[in-house]
Amino acid sequence: MQTHGAYVSRFGLDNHGLDTLKSAYWNLGSAALYEQAIRRNEGHITADGAFVTDTGEHTGRSPKDRFIVQSDTTENTVDWGPVNQPIPRQTFDAMHAQVLAYYQGREAFVLDCHAGADPEYRLPVRVVTETAWHNLFARNMFIRPDPANLGGFEPAFTILHAPGLMARGVEDGLNSATFILVDFDRRLILIGGSWYAGEIKKSIFSVLNYLLPDRGVLPMHCSANVGAAGDVAVFFGLSGTGKTTLSADGTRTLIGDDEHGWSERGVFNFEGGCYAKVIRLSQSAEPEIWAASHRFGTVLENVVFDPDTRRLDLDNDRLTENTRACYPIDFIPNTSDTGVAGHPTNVVMLTADAFGVLPPISKLTPEQAMYHFLSGYTARVAGTEKGLGKEPQATFSSCFGAPFMPRHPSVYGAMLRDKIAKHGATCWLVNTGWSGGRAGSGGERMRIAYTRAMVRAALDGRLSGSPVVEDGSFGLLIPEACPDVPSEVLRPRGAWSDVAAYDATAAELRGRFEANFKPFEAFVDDDVKAAGIRPAA
């Protein structure tokens, strides 16, 4: 096996059974990975220098193809079900053997990196990929160690990434040709059958979500930023709800855009990069993300470009709605050098309400915050997962990240409740979705400018002293006024031309909330149940 790269760990690939490779490229920089990716015909370079590629059939995650090895370690700690599907060790071992056989005689790209900006809770991760561009993706997304320390690097978790290997579905004990398999005992992840790079990122997020609660750290699917006075804000939300957009605010320092931990020391980023949706990205409305998407070193997935000029067409959804840009976090101006900060002053829960009936912003009591965290109501946007239709679908995803939470939601909910109480955070529910009607049926997406104004007023304290009005449909506390936002925008019922249709739609959504929360009632106190949403509200 030929070895390339200046930073090769003494903990070699033979420890992973990869001793029959043709070549191994270790810890290459962005320029070298570009060269390898172009040599291997993995994609193209755009006019502005970004690397663009397409991921074929899979333009989003494949949640039905994710499995966790069921063992003595995980038997009573994983919340088994359709999200966390069990797999016997024999099946994992058989697929592991297939991955090792697949890599025989091939080139491999190795990245040694960290997940977790706080050294106290940092997870050393090794990512082995069959393509250069996936390695560049991982290099952008994770935290890169000091090169001087790479010689002694030893991973605590390893990803073997083989997207070109197709499983045999049921014959292999799986659901399809795609597989994302996690073994917490061997500290090993196998990924195959999908070229979508997000599987790499989210598999490590899921690992941290399992490991960190035992260390008193709440893992959060959220973005985070910090103001000049040291006031920290976290933004919970699923894909498409605005985590990346709202946290990339030039008036505040960005800590991270998607995944964080909340420890006894404060908040810390899990990642070293951003993975932003860029469909119909506006240079005027989101200049920081737009600029980062047009830079050398950025990886673009499924973004359409002109084959002659190599100019991007960010409005084109021909390949998918889920177009993505992956770039190092320092491509965004005013980012944290350390990725760590203090305890949150404000906790913002983002929802993209496809029904158009939730207020654009409301202040939550601690009990309501617990309720909405466990409910995790939003709308899945077409393209973020395989199999979704073109229309948005209302959904409930507990903890605003159920697909990535191996433990029962009540574990994370109780931790959030305790941390909010201990540190006195103020909680808000922000609807970045639709107003004036349902999505696709007369509703319009909330203007980014209005949402930014509301969030800024909440974070800088201007909304804290504003009188509130209780919403008659959902019991939420709506500020009577907000600077730079028309008062009629704050009240969703008044935005509908057909008030009777609003009332009917709101009643329908209340019923959905009630049905969704029933499984959680046994895990919460009576005051949280009393703060819940019911049809008769």
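First, a word on scope: everything that follows refers to the structure included in this document. (Residues numbered from 1 in each chain as written. Predicted model: local features only at pLDDT ≥ 70, side-chain atom pairs only at ≥ 80, totals over all residues. Heavy atoms only, no water.)

## Overview of the pattern of salt bridges
Operational definition: Basic side-chain nitrogens of Lys or Arg form a salt bridge, by our definition, when they fall within 4 Å of a carboxyl oxygen of Asp or Glu. Runs of H or I in DSSP of at least four residues are treated as helices and runs of E of at least two as strands, each being numbered from the N terminus. For every residue, the accessible area (1.4 Å probe, protein chains only) is compared with the maximum for its type, and the residue is labelled buried under 20%, exposed over 50%, or partly exposed between those bounds.
For the structure on display, the rule yields 31 salt bridges. The residue Asp48 makes a salt bridge to Arg311 at a minimum N-O spacing of 3.4 Å. Remark: Arg311 occurs in the loop between β19 (304–305) and β20 (312–313) and Asp48 occurs in the loop between β3 (44–45) and β4 (51–53); sequence separation between them is 263 residues. Overall, the relative accessible area of 33% leaves Asp48 in the partly exposed class. Among the residues examined, Arg311 registers a relative accessible area of 48% and is labelled partly exposed. Of the charged contacts, one joins Glu171 and Arg168 as a salt bridge, the two residues approaching to 3.3 Å between their closest N and O atoms. A relative accessible area of 59% places Glu171 in the exposed class.

## A word on the layout of surface pockets
Threshold: The rule is simple: put a 1 Å grid over the protein atoms alone, call a set of points where a 1.4 Å probe fits but cannot get out a cavity, call an open set with protein on both sides within 12 Å along at least five of seven lines a pocket, and count a residue as lining if it has an atom within 4 Å of a point. Grid points are joined across faces, edges and corners, and a volume is the space filled by probe spheres set on the points. Three residue categories are used. Nonpolar comprises Ala, Val, Leu, Ile, Met, Phe, Trp, Tyr, Cys and Pro, charged comprises Asp, Glu, Lys and Arg, and polar comprises the others, including Gly.
Quantified by volume, the second largest pocket comes out at close to 380 Å³. Ile143, Glu271, Gly272, Ile329 and Asp337 are, among the 20 residues lining the second largest pocket, the residues nearest its centre. Here the residues of the lining of the second largest pocket are counted per class, giving 7 nonpolar, 7 polar and 6 charged.

## Considering the sheet that holds strand β11 (residues 188–192)
What counts is decided by this rule: Strands are treated as partners if at least two bridges between them are detected by DSSP. Whenever a helix is involved, its axis is fitted only over the stretch in contact; in every case the axis is a line through C-alpha atoms, and angles between N-to-C directions fall within 0 to 180 degrees.
Across the sheet, which stays open at both edges, the 9 strands sit in the order β1-β2-β7-β8-β9-β11-β10-β5-β6 with mixed pairing between neighbours. With one partner strand each, in any of the chains shown, β1 (2–4) and β6 (85–87) form the two edges of the open sheet. Across this sheet, the average inter-strand angle for adjacent strands is 20 degrees, counted without regard to direction. Across 7 bridges, strand β7 (residues 107–115) lies against strand β8 (residues 123–129) in antiparallel orientation. If you follow Cys113 over to β8, its bridge partner there is Val125.

## Comments concerning unusual backbone geometry
Positive phi, close to 55 degrees, is recorded for Arg280, a residue that is not glycine. On the secondary structure map, Arg280 appears in the loop between β17 (273–277) and α6 (287–292).

## Thoughts on the packing of aromatic side chains
Put simply, the rule reads: Only the six-membered ring of Trp is used, alongside the rings of Phe and Tyr, when aromatic pairs are assigned; centres must lie within 6.5 Å, and planes under 30 degrees apart are stacked while those over 60 apart are edge-to-face, with the rest tilted. We call a charge positioned over a ring when the NZ of a Lys or the CZ of an Arg lies within 6 Å of the ring centre and within 35 degrees of the ring normal.
Evaluated as defined, the whole model comprises 22 aromatic pairs. With centroids separated by 5.4 Å and ring planes inclined at 55 degrees, the aromatic side chains of Tyr377 and Phe513 adopt a geometry described as tilted. Here Tyr377 is found in strand β25 (residues 377–380), whereas its partner Phe513 is found in helix α11 (residues 499–517), with 136 residues between them in sequence. Just as Tyr377 is buried, Phe513 falls in that class too. On the numbers, 5.8 Å between centres and 75 degrees between planes, the contact of Trp496 with Tyr502 is edge-to-face. The two residues Trp496 and Tyr502 agree in class, both being buried. An aromatic cluster is built from Tyr371, Tyr377, Phe396, Phe513, Phe517 and Phe520, whose rings are joined through pairwise contacts. For Lys202, the ring lying beneath its charged end belongs to Phe404, and the centroid distance is 4.4 Å. In this structure, Arg295 is placed above the aromatic ring of Phe331, and the distance from its NZ or CZ to the ring centre is 3.7 Å.

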